[in-house]
Amino acid sequence: MRTTNTLRRSALALLTTATLALAPTALADTGRHGADGTAWRGAWAASPQSATAPFGPNWSQQGFENQTVRQVVRVTATGTRTRIELTNRYGTGPLRITGATVARTAAGDTTAGGTAAARNAVEPGSVRTLRFGHRPSVTIPAGETLLSDAVNLPVKAFESLTVTLYLADATGPATFHSFSSATSYRAEGDHRADLSGTAFRETSASWYYLSGVEVTGGRDTARRNGVVTFGDSITDGVGSTADTDHRYPDELAERLAAAGRPRAVLNHGIGGNQVVNDTTWAGEKALSRFRKDVLTEPGVRTVVILEGINDIGGSGPAFPGGPTPEVSVEKLIAGHRTLIREAHAKGLKAVGATLTPIKGSFYFTPVNEAKREAVNHWIRTSGAYDAVVDFDRAVADPSDPDRILPAYDSGDALHPNDAGYTAMAGALDLDEL
């Protein structure tokens, strides 16, 4: 998520570049510890992608100009101070953040059935102006990521925060996250401090520029026990009900809390993502983005890896953006072994997840099913992972194990629905995380 060494080198280079003239603001420290030794931990995350619109219009390709973007996220960690992460990883030029705020989302009808204005209103008295190197605005160079300064905004796990960005200058194509589980909102002009959501008349099912929320303080400050869930659309929560936080990582965080073992759970899934192939619309391959998205997260102990079904199915004609190169079982397993090695080198426990059923979906062919079964056999029996979660069996139809149980099917025979994601979260052995 944050490329710390690159960012620090770039921040130094900015002292002598024209970009600094555009925004004479030092980029915020992106390390696990602040300048005062404060330990930070991830509370929410989304993996960045380059601008694209494979399934219909969004705001990424055109970007923004004299517009305010408001985004609601639910954190899974408690803290007394908060900071956000913004990214221009795939921008074509410098990104000017004219101003930003963070606030607690107002209590009220924040569900999918509520009005847009109700869902993005903020709690009076909770609005905090975000600063970047003690300044209210900042320019983020193309390819870079930064953290805001900390604000005194106590939050509890499972509270929603509203992050509002005012973008006065034309941004160009926007780094974003395509499949969000929550609605984002846009208004013309500067509405960063609005308590009401009435000015935000446009909506989008994606997140823009916002890639993380971190917290510090509270009794768990020094604990390194966060969980990253890494994968494709099934980790991303495609098929779950929007604005209800029913993705399997959301359900896992709630299950941990209910068991008296609260831990942050960070979602780094990207719909359509592959292990060994880059795509035009589904992010960099896992072998590339794992280091950027997972290994830089603060306070993490475990990563759950669910990747590979798009490598198997993506070589067919139905894959959005056109077929990707065919991937053998051997190459896919080699990719998994690389992810495991990188996780271990960072001191992370790696949990392997079996690939869920595809029978009846547009991915299903006898050849693809044989590959899926071979990869799952390796995950279950090789001992390469530190632990295994059998998502395949958790959602399969017992009478037809190659097919997802109808009660868990979102409708495409590929992605689970809310009940299916709950079943997946229930399949994880909490002692193995």
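Located above this text is the structure these notes cover.
This part takes up unusual backbone geometry. For F158, which is not glycine, the phi torsion reads 80° and is therefore positive. Look at A413: it is not a glycine, yet its phi comes out positive at around 60°. With respect to the helices and strands, the residue A413 is situated in the loop between β21 (400-404) and α11 (418-427). Residue A413 is classed as buried on the basis of its relative accessible area, which comes to 7%.

Its location among the elements puts D397 in strand β20 (residues 396-397). Between the alpha carbons of D397 and A407 there is a distance of 9.0 Å; along the sequence they are 10 residues apart. Those residues in contact with D397 that sit more than four places away from it in its chain are R403, I404, L405 and P406. For D397, the side chain forms a polar contact with the side chain of S399, separated by 2.8 Å.

Most of strand β17 (residues 300-306) sits inside the fold, with 6 of its 7 residues counted as buried. Pairing of β17 with strand β18 (residues 349-353) involves 4 bridges; the strand directions are parallel. Its bridge partner being in β18, V303 is matched across the sheet by A350.

With parallel pairing, 5 strands are arranged side by side in an open sheet as β16-β15-β17-β18-β19. Either end of the sheet is taken by a strand with one partner, and the two such strands are β16 (265-269) and β19 (387-389). Neighbouring strand axes in the sheet, compared pairwise and without regard to direction, differ in orientation by 25° on average. Judged from the 6 bridges that link them, strand β15 (residues 226-231) and β17 form a sheet pairing that is parallel. Its bridge partner being in β17, G226 is matched across the sheet by V300.

It is worth spelling out the packing of helix α8 (residues 329-345) against helix α9 (residues 366-381) at this point. Contact pair α8 / α9: the axes reach a minimum separation of 10 Å and the direction vectors enclose 35°. Here α8 and α9 pass one another in a crossing that is right-handed. Residue-level inspection shows V329, L332, I333, H336, R337 and I340 of α8 in contact with α9, the latter providing K371, A374, V375 and W378. When the residues that make up the contact of α8 with α9 are grouped by side-chain class, the tally is 7 nonpolar, 1 polar and 2 charged.

Looking at α11, one finds that the buried residues are D418, G420, Y421, A423, M424 and A425. Each element contacted by the buried residues of α11 is listed here: α4 (233-236), α5 (248-258), β17 and α10 (391-395). Between a side-chain oxygen at the N-terminus of α11 and the backbone nitrogen of A419 the separation is 3.1 Å; the capping residue is N417.

We now examine the sheet that holds strand β1 (residues 41-45). Read from one edge of the open sheet, 4 strands run β1-β14-β3-β8, paired in antiparallel fashion. Both outer strands of the open sheet, β1 and β8 (145-147), are each paired with one neighbouring strand and no more. Taken over all neighbouring pairs, the strand axes of this sheet differ in orientation by 25° on average, direction set aside. Sheet topology note: the strand β3 (residues 81-87)/strand β14 (residues 210-216) ladder contains 6 bridges and is antiparallel.

Cut-offs and rules
- Counting starts from 1 at the beginning of each chain's written sequence and moves along it residue by residue.
- Only residues with pLDDT of 70 or above have their local features reported here, since the model is predicted, and side-chain atom pairs are shown and tallied only from 80 upward, although totals for entire chains, interfaces and linings are computed over all residues.
- The side-chain figures draw on all heavy atoms in the structure; neither hydrogens nor water molecules are used.
- Strands are runs of DSSP state E lasting at least two residues, helices are runs of H or I lasting at least four, and both sets are numbered from the N terminus onward.
- Between buried and exposed lies partly exposed: a residue is buried under 20% and exposed over 50% of the maximum accessible area for its type, with that area taken using a 1.4 Å probe on protein chains only.
- The criterion used for residue contact is that any of the two residues' heavy atoms lie within 4.5 Å.
- We call two N or O atoms a polar contact when they sit within 3.5 Å, provided that within protein one can donate a hydrogen and the other can accept it, with sequence-adjacent residues counted only if both atoms are side-chain atoms.
- Here, a strand pair is defined by DSSP locating no fewer than two bridges between the strands.
- For helices, the axis comes from a line fit to the C-alpha atoms of the stretch in contact; other axes are also lines fit to C-alpha atoms, and the angle between any two N-to-C directions lies between 0 and 180 degrees.
- By convention, the crossing between two helices is left-handed when the near helix turns anticlockwise from the far helix through less than a right angle, and right-handed when the turn is clockwise.
- Polar here means any residue other than Ala, Val, Leu, Ile, Met, Phe, Trp, Tyr, Cys and Pro, which are nonpolar, and Asp, Glu, Lys and Arg, which are charged; Gly is therefore polar.

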